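Here is how the chains run, residue by residue.
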Number of protein chains: 2
Amino acid sequence: MNDHQAGLKRFLSRLLLRSSLSVDEQRAVMSLPGKVIDTPAHRDIVEPGDIIHDATLVIDGIAGRFDQLADGHRQITALHLPGDMCDLHSVAVPHAGWGIESLSPTRISSIPHEAIRKVAVDYPGVGFAFWRDTVVDGSVLAKWLSALGRRSAKSRLAHLICEMGIRLELNGQGDRRAFPLPLTQSQLGDVLGVTPVHLNRSLQALRQDELVAMNAREVRIIDREGLEHVAEFDPEYLLLDRQDKYTGGL
Amino acid sequence: MNDHQAGLKRFLSRLLLRSSLSVDEQRAVMSLPGKVIDTPAHRDIVEPGDIIHDATLVIDGIAGRFDQLADGHRQITALHLPGDMCDLHSVAVPHAGWGIESLSPTRISSIPHEAIRKVAVDYPGVGFAFWRDTVVDGSVLAKWLSALGRRSAKSRLAHLICEMGIRLELNGQGDRRAFPLPLTQSQLGDVLGVTPVHLNRSLQALRQDELVAMNAREVRIIDREGLEHVAEFDPEYLLLDRQDKYTGGL
DNA sequence: CGCCGCATTGACGGTTCTCAACACAGGTGG
DNA sequence: CCACCTGTGTTGAGAACCGTCAATGCGGCG
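Parameters at a glance
Residues numbered from 1 in each chain as written. Chains lettered and ligands numbered in written order. Predicted model: local features only at pLDDT ≥ 70, side-chain atom pairs only at ≥ 80, totals over all residues. Heavy atoms only, no water. Near = heavy atom within 4 Å. Polar contact = N/O pair within 3.5 Å; in protein donor to acceptor, adjacent residues only side chain to side chain. Helix = DSSP H or I, 4+ residues; strand = E, 2+ residues; numbered from the N terminus. Nonpolar A, V, L, I, M, F, W, Y, C, P; charged D, E, K, R; others polar. Pairing = 2+ DSSP bridges. Axes fitted to C-alpha atoms, helices over the stretch in contact; angles between N-to-C directions. Domains from an automatic or database assignment. Contact = heavy atoms within 4.5 Å. Buried area = accessible area lost by both parts, 1.4 Å probe. Salt bridge = Lys/Arg side-chain N within 4 Å of Asp/Glu carboxyl O. Buried < 20%, exposed > 50% of the residue type's maximum accessible area, 1.4 Å probe, protein only. Least-squares fit on C-alpha atoms with pLDDT ≥ 70 in both. Parallel < 35°, antiparallel > 145°, perpendicular 65-115°, else oblique. Phe/Tyr/Trp six-rings, centres within 6.5 Å; stacked < 30°, edge-to-face > 60°. Lys NZ or Arg CZ within 6 Å of the ring centre and 35° of its normal.

Colleague: How would you sum up the protein's contact with DNA strand D? Please name residues and give values.
Modeller: H198 of chain A together with Q185, N200, R201 and Q204 of chain B are the nearest of the 18 residues found near DNA strand D. Near the protein, within 4 Å, the atoms of DNA strand D are sugar or phosphate in 68% of cases. Here R207 of chain B contributes a side-chain N or O atom positioned 3.1 Å from a phosphate oxygen of DNA strand D. Listing elements by their share of the surface near DNA strand D, those giving two or more residues are helix 7 (196–208) of chain A together with helix 6 (185–192) and helix 7 (196–208) of chain B. With 5 residues, helix 7 of chain B is the largest single contributor of residues to the surface near DNA strand D. Per-class residue counts for the surface near DNA strand D are 5 nonpolar, 10 polar and 3 charged.

So, in structure tokens, the structure goes:
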């Protein structure tokens, strides 16, 4: 199995987490074409304002969706792990108001919108799974918005660490108590809406409380329960159960 | 035409803004069933955690989607105007992690998911329009996230006022310089992630700068250009143009 | 070795929160 | 008609959170 197919397989697993797909439907997803591209860290994969014709599937590394302000400051609005289709929503809305950047060295597969659309139309169950995947993306976005509006930086950082643990565990990259997270403090600040300096201080507060030990490469959670308490973390918003049990199989 | 149909018509206009639909497809949307319900202000229409079987179409008034914290504080994550389907995404994900509340006295129509799903499957173009509508919702969410992370309260308030002007103008409720906005300062604070006290002070700053005059019922923008400058407002994220020109008509 | 990006620390200032008080309008019951 | 109540808007003072600026240390890499 080549890298592109390995990425598709992870993407398919992600879909199957929330949607039932028949063998035919699964085969249709697995037969999507794509071109593998390697990028170093800190590169823009999609520039804000582009009109795009291909979706970006993360095979390895971490990518970020961001919004850019006039002064050049960035707010990262989503983190994308291996198996995530960064901009599945771009299939419906090709005019990118956002950008995508590689946060760590990243291997991606570029998949033509046209092929994705054809699968969605030919297999309504897959189309529904795509729609649902977009909704999951929005659910995470809403939770981040709520955290940014109502929680302290320390609590937001704890929340993000809890979330990344669950998502990476699902991907088979470590488990929820210890996992790789190759992000700089500056990038974490761009996610959480704080400056690098303040992120550093928030992190030290978590270390001081003996909740977590982490560096630029990996996270070790010392007291998961305590961390979840600081974060008020409830993984429900990640929608980890089958959603189609309520929708007549679609 | 009854109220339910009037609401559907506005919803259809919203879809047509971004997606082309054939006469048959439009008729399918207009034939969706629904039950009209009136609610006073400050009522929960959907409780967080519910499993829901009907989507909520706003016919009149303003509704808000919110996330609730352990201490009872709310963060409003979306505002829904007449013609908006509050929780179209619930068709794909019926397990609500969010809640919906009426912010002003509101008339809604409750539309069975089942009917919406059937239309989406029978008419792939409509299904695609639904998906696209969900993406627009996410685009606004991302812009709000970015504002919350990177802008001052004053700038965020200015941004929200600019956005509401455009959205209400599209609805035929006033124009972008003067429009009804029946929200309390406390509710605006819940949208912008600030306390009512600080929202009041941010608003006074805008009044001081002679940018806007507003009360609990309506907004009059005195200097739209100045306001957009404070907000760094660019309406692109509202995706007001036809998106299907890039997607082969879907 | 020297360079560069990143983590860390300190001092200071601005933004926003909390707590508290008061004004005002609309609605309700006497 | 008036007294009262409640929700909302407004203002002030002090504290907590977070940003800015600046300097230092540290590790990887040429």
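Colleague: Give me the sheet that holds strand 5 (residues 74–80) of chain B: which residues, what numbers.
Modeller: Residues and elements named next belong to chain B. Taken in spatial order, the 4 strands make up an open sheet running 2-6-4-5, and their pairing is antiparallel. Because the sheet does not close on itself, it has two edges, and the strands there are strand 2 (43–46) and strand 5. Pairwise comparison of adjacent strand axes, ignoring direction, gives a mean angle of 40° for this sheet. Both strand 4 (residues 63–68) and strand 6 (residues 99–102) contribute to a ladder of 4 bridges, which runs antiparallel.

Colleague: Describe the domain arrangement of chain A, with residues and values.
Modeller: Residues and elements named next belong to chain A. According to the domain assignment, chain A contains domain 1 (3–123) and domain 2 (152–231). Between domain 1 and domain 2, the contact holds 14 residues from the first and 15 residues from the second. Buried area between domain 1 and domain 2, summed over both chains or domains, comes out near 1,300 Å², and the portion from carbon and sulfur atoms is 59%. Across the domain 1-domain 2 interface, the total number found is 1 salt bridge.

Colleague: I'd like to hear about the side chain of R224 of chain A, residue by residue, with values.
Modeller: Residue and element names in this part refer to chain A. Along the chain, the position of R224 falls in helix 8 (residues 224–231). On the accessibility criterion, R224 (9% relative accessible area) is buried. A polar atom in the side chain of R224 sits 3.3 Å from the backbone oxygen of C162. In contact with R224, not counting residues within four places along its chain, are C162, G165, I166, R176, R177 and F233.

Colleague: A description of the interface of chain B and chain A should follow, citing residues and the corresponding values.
Modeller: Across the contact, 48 residues belong to chain B and 48 residues belong to chain A. Roughly 4,600 Å² is buried in total at the junction of chain B and chain A, and carbon and sulfur atoms are behind 69% of that figure. In this assembly, chain B and chain A are joined by 4 salt bridges. Taken together, chain B and chain A are joined by 18 residue pairs in polar contact (both at pLDDT 80 or more). The biggest single contributor to the side of chain B that touches chain A is helix 4 (residues 124–150) of chain B, with 17 residues. Of the residues in the side of chain B that touches chain A, the class split is 24 nonpolar, 13 polar and 11 charged.

Colleague: Give me the lowdown on the relation of the copies chain B and chain A, citing residues and values where you can.
Modeller: Both copies of the chain are tied together by a single rotation about an axis and a shift running along it. In screw terms, the move from chain B to chain A is a rotation of 180° and a rise of 0.0 Å along the axis, fitting with an RMSD of 0.0 Å. Between the two chains, the operation in question is that of a two-fold axis. The overlap is high: 100% of the interface residues of chain B also sit at the interface in chain A, so the same surface is used on both sides.

Colleague: Pulling in residues and values, what's your account of the protein's contact with DNA strand C?
Modeller: Around DNA strand C sit 17 residues, and of these Q185, N200, R201, Q204 and R207 of chain A come closest. A distance of 3.5 Å separates a phosphate oxygen of DNA strand C from a polar side-chain atom of H42 of chain A. Here a phosphate oxygen of DNA strand C sits 2.6 Å away from a polar atom, N or O, in the side chain of Q185 of chain A. Residue assignment for the surface near DNA strand C shows that the elements contributing at least two residues are helix 7 of chain A together with helix 7 of chain B. The greatest single-element share of the surface near DNA strand C, amounting to 5 residues, is contributed by helix 7 of chain A. In terms of residue class, the surface near DNA strand C is made up of 5 nonpolar, 9 polar and 3 charged.

Colleague: Can you explain the side chain of T77 of chain B? Please cite residues and give values.
Modeller: Turning to its location among the elements, T77 of chain B is positioned in strand 5. Look past the residues within four positions of T77 of chain B in its chain and what remains in contact with it is A142 and L145 of chain A together with R65, F66, D67, L141 and W144 of chain B.

Colleague: Describe unusual backbone geometry, listing the residues and the values that go with them.
Modeller: Residues and elements named next belong to chain A. Positive phi, normally seen in glycine, also occurs at E210, with a value near 55°. Topologically, E210 is positioned in the loop between helix 7 and strand 9 (212–214). Of note, the phi angle at E232 is positive, near 50°, even though the residue is not glycine. Topologically, E232 is positioned in the segment after helix 8.

Colleague: Provide a residue-level description of the packing of helix 1 (residues 3–18) of chain A against helix 4 (residues 124–150) of chain A, including the pertinent values.
Modeller: All names here are of chain A. Remark: helix 1 packs on helix 4, axes separated minimally by 10 Å, with the N-to-C direction vectors making an angle of 85°. Taken together, the axes of helix 1 and helix 4 lie roughly perpendicular to each other. For the pair formed by helix 1 and helix 4, the contact residues are F11, R14, L15 and R18 on the first element and A129, F130, R132, D133 and V136 on the second. Of the residues in the contact of helix 1 with helix 4, the class split is 5 nonpolar, no polar and 4 charged.

Colleague: Tell me about the packing of aromatic side chains, and please be specific about residues and values.
Modeller: Counted according to the given criterion, the structure contains 8 aromatic pairs over all chains. Considering the side-chain rings of F233 of chain B and Y237 of chain B, the 6.1 Å spacing of their centres and the 85° angle between planes classify their relative orientation as edge-to-face. With relative accessibility at 5%, the residue Y237 of chain B sits in the buried group. Every member of this aromatic cluster is reached through a ring pair, and the members are F11 and F130 of chain A together with F128 and W131 of chain B. It is R74 of chain A that lies over the ring of F66 of chain A; its NZ or CZ is 3.8 Å from the centre.

Colleague: Before we move on, could you go through the packing of helix 3 (residues 113–122) of chain B against helix 4 of chain B and cite the residues and values that matter?
Modeller: Residues and elements named next belong to chain B. Relative orientation of the contacting elements helix 3 and helix 4 amounts to 120°, with a least axis distance of 5 Å. Between helix 3 and helix 4, the angle falls in the class oblique. Taken together, the residues of helix 4 that come into contact with helix 3 (itself represented by I116, V119, A120, V121 and D122) are P124, V126, G127 and F130. Looking at the contact of helix 3 with helix 4, its residues break down into 7 nonpolar, 1 polar and 1 charged.

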